[in-house]
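Understanding the architecture of this molecule
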Amino acid sequence: MATIKDVARLAGVGLGTASRVVSGKGSVSPATLERVRKAIDELGFRPSHAARALLSGTSRMIGVYIPALSGTFYTPILQIIDTELRAAGLHMVVAFGVGLGDARRQAVEGIEFLIERGCDGLIMMTSALLDEDIAALGVKKHQLVALNHEFNNVPEQCFTVDHALGGRLAARTLLDYKHRDIAIIAGPAALADNVARIDGFMGELASEGIDTSKIWVAESDFSPAGGWAAAKELIESGTPCSALFCANDEMAVGALSYFQEAGISVPRDLSVIGYDDTESAAFSAPRLTSVHMPWREMTLNGLNMLLNRCYDLQRPVSRTFPVSVTLRASLAKAPSTRKKKS
């Protein structure tokens, strides 16, 4: 395999000159540039990733940490990041939670893995870290972005969506469809974004005079299996309700599956609204009404800020991400007569 030294020798130039041509940095006369490029073509020279890193002083890699490599939530976000990075001549390295430690230890180890691989910048999607973990990164903390989470010591590097507004919009949608007997399948109580959406939902119901202390609520784990189990628990409890709010689409899809097996017609017997508006919502049966969270906009703007910091770019950065509701077949007007399901 040809090396940069071979290129320099064939072109009749010094190693530093050949390196400047390959890296694109530094001045080289047109005639010399032409000779070096011709030598590159003749030798079929392709600089290795390590060589590029040495020449440019950067790895051209961005590290991404996610808690789990599963489900329908993280995959589209990873696709957005990878597509943008490749278009910019950069590469993505992904780490996710593994090992025997708790979520915080897994996140710390995952980020250490990315730093050890020489990633120029970091994108994190985890609420398990504490502010002190961010501070412990030292100078590296200036080259990271947090998506869907907030850290007090790097607030300008955090990009998230308005989950409280998302919760309010979900409740308002059900109220507009005349639902007042409503049940909730919530996500983990330890997750701040889940708490915000549930608080927003409850607050909107309370503003319409609904006693939220009497609302049936189950805490689940954001998985389809968790949604199935909670839906089963709801029906077996005998709680009268005309609508169900699920704090993410995966739990909603699990709930829809249980209702279908139990002979409960959605939305004739029970309306269901999800949250996130992931691809699974568009292809569930029935198709799921869901709160549309602007994940793409959040991701792209967070990535733009990171690339600006790492590579002195001037990409536009916005922090305004519109939240809406996508209406589909799982939602109908509340029936005038409600029957208890068993």
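As the structure is a computational prediction, the values presented were derived from the model and not from experiment.

Analysis parameters
- Each residue is numbered by its place in its chain's sequence as written, counting from 1.
- Local features are withheld for residues below a pLDDT of 70 in this predicted model, meaning they are given only at 70 or higher, and side-chain atom pairs are given and counted only at 80 or more; totals for whole chains, interfaces and linings count all residues.
- Working from all heavy atoms in the structure, the side-chain values ignore hydrogens and water.
- Helix and strand assignments come from DSSP, with helices taken as H or I runs of at least 4 residues and strands as E runs of at least 2, each series counted from the N terminus.
- We take the radius of gyration over the C-alpha atoms and set the globule estimate at 2.2 Å times the residue count to the 0.38 power.
- Contacts between residues were defined by any pair of non-hydrogen atoms, one from each residue, lying within 4.5 Å.
- Each accessible area value is a Shrake-Rupley result obtained with a 1.4 Å probe; residue values ignore everything except the protein chains displayed when judging cover.
- Positive residues here are Lys and Arg, negative ones are Asp and Glu, while His and the chain termini are left out of the count.
- By convention, the point assigned to a charge is CZ for Arg, NZ for Lys, CD for Glu and CG for Asp.
- Categorising residues by exposure relies on relative accessible area from a 1.4 Å probe, with only protein chains included: less than 20% of the type maximum marks a residue as buried, more than 50% marks it as exposed, and the intermediate range marks it as partly exposed.
- When DSSP finds two or more bridges between two strands, those strands count as paired.
- The handedness rule is simple: strands pointing away from the viewer, and a clockwise path from the first strand over the helix to the second, make the crossover right-handed.
- Axis lines are fitted to C-alpha atoms, over the contacting stretch for helices. Their N-to-C directions set the angle, which ranges from 0 to 180 degrees.
- Working definition: a ring pair exists when centres of Phe, Tyr or Trp rings (six-membered ring for Trp) sit within 6.5 Å. Plane angles under 30 degrees give stacked, over 60 give edge-to-face, the rest tilted.
- One less than the residue count of a helix, multiplied by 1.5 Å, gives the span that helix is expected to have.
- Each C-beta atom gives one direction from the helix axis, and the arc is the one those directions make.
- Think of a 1 Å grid over just the protein atoms. A cavity is a set of points where a 1.4 Å probe fits yet cannot get out, a pocket is an open set with protein on both sides within 12 Å along at least five of seven lines, and lining residues have an atom within 4 Å of a point.
- Grid points are joined across faces, edges and corners, and a volume is the space filled by probe spheres set on the points.
- For this classification, the nonpolar set comprises Ala, Val, Leu, Ile, Met, Phe, Trp, Tyr, Cys and Pro, the charged set comprises Asp, Glu, Lys and Arg, and every other residue, Gly included, is treated as polar.

This next bit is on the overall build of the chain. Scanning the chain from N- to C-terminus turns up 13 helices and eleven strands. The C-alpha atoms of the chain give a radius of gyration of 26 Å, which is well past the 20 Å a tight globule of 342 residues would have. Each principal axis of the C-alpha distribution contributes one length, and for the chain these read about 90 × 40 × 35 Å. Pairs at least 24 residues apart make up 68% of the contacts formed inside the chain by residues separated by at least 6 positions. Carbon and sulfur atoms provide 53% of the accessible area of the chain, an area that totals close to 16,500 Å². Charge centroids of the chain, computed over 35 positive and 37 negative side chains, lie 6 Å from each other.

Take the pairing of strand 1 (residues 61-66) next. Of all six residues that make up strand 1, six are buried, and the element is covered over most of its length. Alternating residues of strand 1 divide into Met61, Gly63 and Tyr65 and Ile62, Val64 and Ile66, and every residue in both groups is buried. Pairing of strand 1 with strand 2 (residues 91-96) involves six bridges; the strand directions are parallel. What sits directly across from Ile66, in strand 2, is Phe96. Since strand 1 and strand 2 lie parallel, the crossover through helix 5 (residues 74-87) that links them has a hand, and here it is right-handed.

On to the sheet that holds strand 4 (residues 144-147). With parallel pairing, the five strands of this open sheet are ordered in space as 2-1-3-4-5. The open sheet terminates on both sides in strands that have one partner only, identified here as strand 2 and strand 5 (158-159). Where strand 3 (residues 121-124) and strand 4 come together, three bridges link them in parallel fashion. In the strand pairing of strand 4, Leu122 is matched with Leu144. Against the sheet, helix 5 touches strand 1, strand 2 and strand 3, its axis set at about 155° to strand 2. Along the sheet, helix 6 (residues 103-116) makes contact with strand 1, strand 2 and strand 3, crossing strand 1 at roughly 170°.

Counted by the stated rule, this structure contains six aromatic pairs. Between Phe73 and Tyr74, the ring centres sit 5.1 Å apart and the planes meet at 75°, which makes this aromatic pair edge-to-face. Accessibility expressed as a relative area gives 17% for Phe73, which makes it buried. Under the relative-accessibility criterion, Tyr74 is labelled buried at 18%.

Turning next to helix 3 (residues 30-43). Structurally, the α-helix is built with 3.6 residues per turn, so residues lying three or four positions apart point the same way. Its 14 residues place the ends of helix 3 20 Å apart at the C-alpha level, agreeing with the 20 Å of an ideal helix rising 1.5 Å per residue. Regarding helix 3, the residues found buried are Thr32, Val36, Ala39 and Ile40. One face of helix 3 carries all of its buried residues, which in axial projection span an arc of 100°. The exposed set on the far side of helix 3, more than 90 degrees from its buried face, consists of Pro30, Glu34, Lys38, Asp41 and Glu42. Buried residues along helix 3 sit against helix 1 (4-11) and helix 2 (15-23). Where helix 3 terminates, the next one or two residues include Gly44, which has phi positive at roughly 65°.

Turning our attention to the layout of surface pockets. To find leftover empty space, a probe the size of one water molecule is rolled over the atoms. Taken as a whole, the largest pocket encloses approximately 680 Å³ of empty space. What lines the largest pocket is a set of 29 residues, and nearest its centre among them are Pro67, Phe73, Tyr74, Leu191 and Phe222. Elements that contribute at least two residues to the lining of the largest pocket include exactly helix 6, helix 9 (192-207) and helix 11 (249-262). Grouping the amino acids of the lining of the largest pocket by side-chain chemistry returns twelve nonpolar, eleven polar and six charged. A volume near 340 Å³ is recorded for the second largest pocket. Along the walls of the second largest pocket sit 18 residues, with Pro76, Asp277, Thr278, Glu279 and Trp295 positioned nearest its centre. For the lining of the second largest pocket, the secondary structure elements donating two or more residues are helix 5, helix 12 (279-282) and helix 13 (295-311).

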